[in-house]
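What follows is each chain in one-letter form.
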Amino acid sequence: MKKKIILASKSPRRIELFAKYGIDAESIPAYVDETVPKDITDPCAIVRYLSEKKAMHVLKNICDDAIVVAADTLVFCDENILGKPHDKMQAYEMMKMLSGRSHNVISGICVVSKEKKVCESVTTQVTFRELSESEINGYISTKDPYDKAGGYGIQSLAGAFVSEIKGDYYNVVGLPLSRLVSILRNDFGYDALSGLFEKEKSTE
């Protein structure tokens, strides 16, 4: 019998990805203090720390013998960590910084059970074409930038700004899906996509 999968997140994008690929999971948000210790400064270490903290918080508060998956994503440009913009001015400044340049999207992923823990980070390089003032102002006038690290979502309107991507596309969405599936299979003996494959066969 397969263990239950729990996604330690309330992110609609991560929940949608799990559903899209047939990974049957329960969503339990991890409400933790996301303050990072001052001695952790490397972006990869930051996202690993936060994803592990979320995963362990949920694991400790459930009774089931389950596998918990947590992730944390940040955008890193010019030695600056770009979080979620609080207002139009911040969103504008982020788009100006990203315009015509490359930046890194870094996700930490932590998969834990009562027996095992695997924490890693995945980096994807994204390049924006040069953006016009009207494009930036039009974009920041929508709701799209304000709940996303870096002030944009590649899967939505800002996808039209991207000229090149090196690495896992879904990592930019917020979950390094390929690496997650490999960890679940190789480290936890959980074939995450088997249900999806069976469903597709039954519709032929």
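Structure's up top.
What you see is a predicted model, and the numbers here were worked out from it, not measured in a lab.

S.K.: Explain the environment of Ala71 here, please?
M.R.: Note on placement: Ala71 falls in strand 3 (residues 66-77). Sequence separation of Ala71 and Ala8 is 63 residues, and the distance between their C-alpha atoms is 7.8 Å. Beyond its immediate stretch of four places on either side in the chain, Ala71 contacts Arg14, Ser51, Lys54, Gly108, Ile109, Gly174 and Leu175.

S.K.: Teacher, can you tell me more about the nonpolar core here?
M.R.: Across soluble globular proteins, you tend to see nonpolar side chains buried next to one another. Ranked by size, the top nonpolar core spans 40 residues in total, and within it Phe18, Met95, Val111, Phe128, Tyr152, Leu180 and Leu184 carry the most contacts. Every residue in contact with Phe18, bar those within four places of it in the chain, is listed here: Ile5, Leu7, Ile23, Ala25, Val69, Leu175 and Leu180. Ranked by size, the runner-up nonpolar core spans 13 residues in total, among them Ala30, Val58, Leu59 and Val112.

S.K.: What am I meant to see in the layout of surface pockets here?
M.R.: Any empty space left between atoms is shown by rolling a water-sized probe over those atoms. The calculated volume of the largest pocket comes to roughly 790 Å³. Taken together, 35 residues make up the lining of the largest pocket; nearest its centre are Arg14, Lys54, Asp72, Thr73 and Lys84. Looking at the lining of the largest pocket, the elements that each hand over two or more residues are helix 1 (12-20), helix 2 (43-60), strand 3, strand 4 (80-82) and helix 5 (169-173). Element by element, the count of residues in the lining of the largest pocket is highest for strand 3, at five residues.

S.K.: Sorry, what's going on with the packing of aromatic side chains here?
M.R.: Taken as a whole and assessed by the stated rule, the structure comprises five aromatic pairs. Ring plane angle 80 degrees and centroid distance 5.4 Å describe the contact between Tyr139 and Phe161, whose orientation is recorded as edge-to-face. Of the two residues, Tyr139 is situated in helix 4 (residues 133-140) and Phe161 in the loop between helix 4 and strand 7 (162-166); the sequence distance between them amounts to 22 residues. On the numbers, 5.2 Å between centres and 80 degrees between planes, the contact of Tyr169 with Tyr170 is edge-to-face. On the basis of relative accessibility, which here comes to 33%, the residue Tyr169 falls in the partly exposed class. With relative accessibility at 19%, the residue Tyr170 sits in the buried group. Among the aromatic residues, ring-to-ring pairing joins Phe128, Tyr139, Tyr152 and Phe161 into one connected group.

S.K.: I tried to follow unusual backbone geometry on my own but got confused; where do I start?
M.R.: Negative phi characterises most residues that are not glycine, and trans characterises most peptide bonds. One non-glycine residue, Asp78, lies in the positive phi region at around 55 degrees. The phi angle at Glu79 is positive, at roughly 65 degrees, despite the residue not being glycine. Note that Glu79 resides in the loop between strand 3 and strand 4. Look at Glu79 and you get exposed, because its relative accessible area is 68%.

S.K.: I tried to follow the pattern of salt bridges on my own but got confused; where do I start?
M.R.: Pairing between side chains of opposite charge can happen when the charged atoms of each approach one another. Inspection of every chain in the model, using the stated rule, returns 12 salt bridges. Taking the shortest distance from any N to any O, the salt bridge between Lys3 and Glu115 comes out at 2.7 Å. Linking Lys3 in the segment before strand 1 (4-7) with Glu115 in the loop between strand 5 (102-112) and strand 6 (117-128), this pair joins segments that are 112 residues apart in sequence. Judged by its relative accessible area of 27%, Lys3 falls in the partly exposed class. Across the pair Asp147 and Arg13 runs a salt bridge, and its minimum N-O distance is 3.5 Å. With Asp147 in the loop between helix 4 and strand 7 and Arg13 in helix 1, this residue pair connects regions lying 134 residues apart in the sequence. Among the charged side chains, a salt-bridge network with shared partners connects Arg13, Asp144, Asp147 and Lys148.

Calculation criteria
- Numbering of residues starts from 1 in every chain and runs along the sequence as written.
- Only residues with pLDDT of at least 70 get local features here, since the model is predicted, and only at 80 or more are side-chain atom pairs given and counted; chain-wide, interface and lining totals rely on the full set of residues.
- Derived side-chain values reflect all non-hydrogen atoms in the structure, with water molecules and hydrogen atoms excluded from consideration.
- Strands here mean DSSP runs of E at least two residues long; helices mean DSSP runs of H or I at least four residues long; both are numbered from the N terminus.
- Throughout, a residue-residue contact means that at least one pair of heavy atoms, one from each residue, lies within 4.5 Å.
- For our purposes a nonpolar core is just a set of buried Ala, Val, Leu, Ile, Met, Phe, Trp, Tyr and Cys residues, chained together by side-chain atoms within 4.5 Å.
- Only protein chains enter the accessibility calculation, which uses a 1.4 Å probe; a residue whose area is less than 20% of its type maximum is buried, one above 50% is exposed, and one in between is partly exposed.
- Think of a 1 Å grid over the protein atoms and nothing else: a 1.4 Å probe that fits but is trapped marks a cavity, an open set flanked by protein within 12 Å on at least five of seven lines marks a pocket, and residues with an atom within 4 Å of a point count as lining.
- Grid points are joined across faces, edges and corners, and a volume is the space filled by probe spheres set on the points.
- Each aromatic pair joins two rings of Phe, Tyr and Trp (for Trp, the six-membered one) with centres within 6.5 Å, and gets the label stacked for planes under 30 degrees apart, edge-to-face for over 60, and tilted for any other angle.
- Criterion for a salt bridge: a side-chain nitrogen of Lys or Arg within 4 Å of a carboxyl oxygen of Asp or Glu.

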